Amino acid sequence: MTGRVAGKVAFISGAARGQGRSHAVRLAQEGADIIAVDVCGPIENLAYPHSTPEDLAQTVELVKAQDRRIVTAQVDVRDYEALKSAADSGVHELGRLDVIVANAGVGTDGTKLHKIREDVWQDMIDINLSGVWHTVKAAVPHMLSGGRGGSIVLTSSVGGRKAYPNTGHYVAAKHGVIGLMRSFAVELGQHMIRVNAVLPTQVSTKMVMNDQTFRLFRPDLPNPGPGDFAPISQMMHTLPVPWVEAADVSNAVLFFASDESRYVTGVSLPVDAGSLLK
């Protein structure tokens, strides 16, 4: 099957690399044009190297290789006005908006909830929860004015459905994303706008595959690496795999973006190798 989102335009946050880039390329493969935004710069308390303008430029080349159009902007999802400007400019250039993928998120230093610094807590909530709200708020007026309905996909996590130690700020934000998804679904359903969430487990991207994560899961080792993290991560799953690939999440995003899910809304879809069964 090809052309599953042919003629559609998708607005994607956090698109410079990782899951966001994967979503942009997968939707482009199936016929969508892309408005891609990413901060492409430093974020305080980030547990791994930040995205760069060069990362976003590579996303552009990968989308263009699918013979699709792409418009980009370097935007922090904490900045609503900048997001709105990027959405407005992208829709002006590409002519419409059909899909919103509020994907941007971060992983920051973690510890027990009662020990997390207030600035670390606030960064997490501002980006992983308020940033999702900002993304939809900035872009959905174009979907409404188009009068064609549409699809909104929010990136939550298995951490949006269960708790993990030492990541309570992340867990709280991702639980909140599911609340946003349900509320948006109720409010926008009358306009034939569907709102759903994907809930990935560990994904093989820089957000997970970094020294901070390895130390979090293997504090017993002085310098743990991916090989040390893998067996612990696999124990969290029902299927015998330590993590999933970004493409696995992108296939779920594509389903929600396509007309195959035209009557599916308010759904939290795990892409988790059975993590939520444990």
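Residues numbered from 1 in each chain as written. Predicted model: local features only at pLDDT ≥ 70, side-chain atom pairs only at ≥ 80, totals over all residues. Heavy atoms only, no water.

As recorded in an unreviewed UniProt entry, the protein chain goes by 3-ketoacyl-ACP reductase and comes from Mycobacterium saskatchewanense. Regarding the protein chain, the UniProt comment filed under Sequence similarities (unreviewed entry) reads as follows: "Belongs to the short-chain dehydrogenases/reductases (SDR) family." (UniProt positions renumbered as here; feature names shortened; annotations may be inferred.)

Student: So what about the overall build of the protein chain? Which residues, and what values?
Tutor: Scanning the protein chain from N- to C-terminus turns up eight helices and seven strands. Taking 278 residues into account, the globule formula puts the C-alpha radius of gyration at 19 Å, and the protein chain, at 18 Å, falls close to it. For the protein chain, the C-alpha atoms occupy an extent of roughly 55 × 35 × 35 Å along the three principal directions. Expressed as a percentage of its 278 residues, the buried residues of the protein chain come to 55%. Taking all contacts inside the protein chain whose residues are at least 6 apart in sequence as the whole, residues at least 24 apart take part in 74%. The average position of the 26 basic charges and that of the 28 acidic charges among the side chains of the protein chain differ by 6 Å. (Helix = DSSP H or I, 4+ residues; strand = E, 2+ residues; numbered from the N terminus. Rg over C-alpha atoms; globule rule 2.2 N^0.38 Å. Buried < 20%, exposed > 50% of the residue type's maximum accessible area, 1.4 Å probe, protein only. Contact = heavy atoms within 4.5 Å. Lys, Arg positive; Asp, Glu negative; His and termini not counted. Charge placed at Lys NZ, Arg CZ, Asp CG, Glu CD.)

Student: Before we move on, can you summarise the side chain of Asp272 with the specific residues and values?
Tutor: Position of Asp272 relative to the elements: it lies in the segment after strand S7 (268-271). Within the buried core, Asp272 has no salt-bridge partner, and the shortest N-O distance to an opposite charge, that of Lys162, equals 6.7 Å. Setting aside anything within four residues of it in sequence, one finds Asp272 in contact with Val158, Leu199, Thr201 and His237. (Salt bridge = Lys/Arg side-chain N within 4 Å of Asp/Glu carboxyl O.)

Student: I'd like a rundown of the nonpolar core, residues and numbers included.
Tutor: Core analysis: the largest hydrophobic core is formed by 42 residues, its most contacted members being Phe11, Leu97, Ile100, Val140, Ile152, Leu154 and Val195. Of all the secondary-structure elements, those providing two or more residues to this core are strand S1 (9-13), strand S2 (33-38), helix H3 (80-94), strand S4 (99-102), helix H4 (118-146), strand S5 (150-155), helix H5 (168-188) and strand S6 (193-200). Discounting residues that sit within four places of it in the chain, Ile100 has contacts with Phe11, Thr135, Val136, Ala139, Val140, Met143, Ser151, Ile152 and Val153. Counting residues in each nonpolar core, the second largest holds 30 residues, with Ala10, Ala15, Val153 and Ala252 among its members. (Core = buried A, V, L, I, M, F, W, Y, C linked by side-chain atoms within 4.5 Å.)

Student: So, unusual backbone geometry: which residues are in play, and what are the values?
Tutor: With phi around 70°, Asn45 is a residue other than glycine that occupies positive phi space. Of note, Asn45 is situated in the loop between S2 and helix H2 (53-64). By relative accessible area, Asn45 is classed as buried at 15%. Look at Asp67: it is not a glycine, yet its phi comes out positive at around 65°. Following the sequence through the fold, Asp67 ends up in the loop between H2 and strand S3 (70-74).

Student: Describe in detail the sheet that holds S4, supporting the description with residues and values.
Tutor: In a beta sheet, neighbouring strands pair by backbone hydrogen bonds and run either parallel or antiparallel. As summarised here, the arrangement of the seven strands in space is S3-S2-S1-S4-S5-S6-S7, forming an open sheet in which the pairing is parallel. Of all strands in the sheet, those with a lone pairing partner are S3 and S7, marking the two edges. In this sheet, neighbouring strand axes are inclined to one another by 15° on average, regardless of whether the strands run parallel or antiparallel. Across five bridges, the pairing between S2 and S3 is parallel. Across the sheet, Ile34 pairs through a bridge with Ile70, a residue of S3. The sheet strands contacting H2 are S2 and S3, and the helix crosses S3 at an angle near 170°. (Pairing = 2+ DSSP bridges. Axes fitted to C-alpha atoms, helices over the stretch in contact; angles between N-to-C directions.)

Student: Describe in detail the packing of H4 against H5, supporting the description with residues and values.
Tutor: Where H4 meets H5, the axes come as close as 8 Å, and the angle between the chain directions of the two elements is 20°. In terms of axis orientation, H4 runs roughly parallel to H5. For the crossing formed where H4 meets H5, the hand is right-handed. Touching Val120, Trp121, Met124, Ile125, Asn128, Leu129, Val132, Trp133, Val136, Val140 and Leu144 of H4 are Gly168, His169, Tyr170, Ala172, Ala173, Lys174, Gly176, Val177, Leu180, Phe184 and Leu188, all from H5. Partitioning the contact of H4 with H5 into residue classes produces 17 nonpolar, four polar and one charged. (Parallel < 35°, antiparallel > 145°, perpendicular 65-115°, else oblique. Left-handed = near helix turned anticlockwise from the far one by under 90°. Nonpolar A, V, L, I, M, F, W, Y, C, P; charged D, E, K, R; others polar.)

Student: Summarise helix H1 (residues 18-29); cite the residues concerned and give the values.
Tutor: Given 3.6 residues per turn, any residue in an α-helix points the same way as the ones three and four places further on. With twelve residues, H1 ought to run about 16 Å at 1.5 Å a step, and its terminal C-alpha atoms sit 17 Å apart, in line with that. Across the twelve residues that make up H1, a large majority, ten, are buried. Note on H1: the residue one or two positions beyond its end, Gly31, has a positive phi of about 110°. (Expected span 1.5 Å × (residues − 1).)

Student: Go over helix H8 (residues 246-257), please, and point to the residues and values.
Tutor: Across its twelve residues, H8 extends 16 Å between first and last C-alpha, which sits within 8% of the 16 Å expected from 1.5 Å per residue. Looking only at H8, the buried set comprises Ala246, Val249, Ser250, Ala252, Val253, Leu254, Phe256 and Ala257. On its buried side, H8 packs onto H1, S4, S5, S6 and S7.

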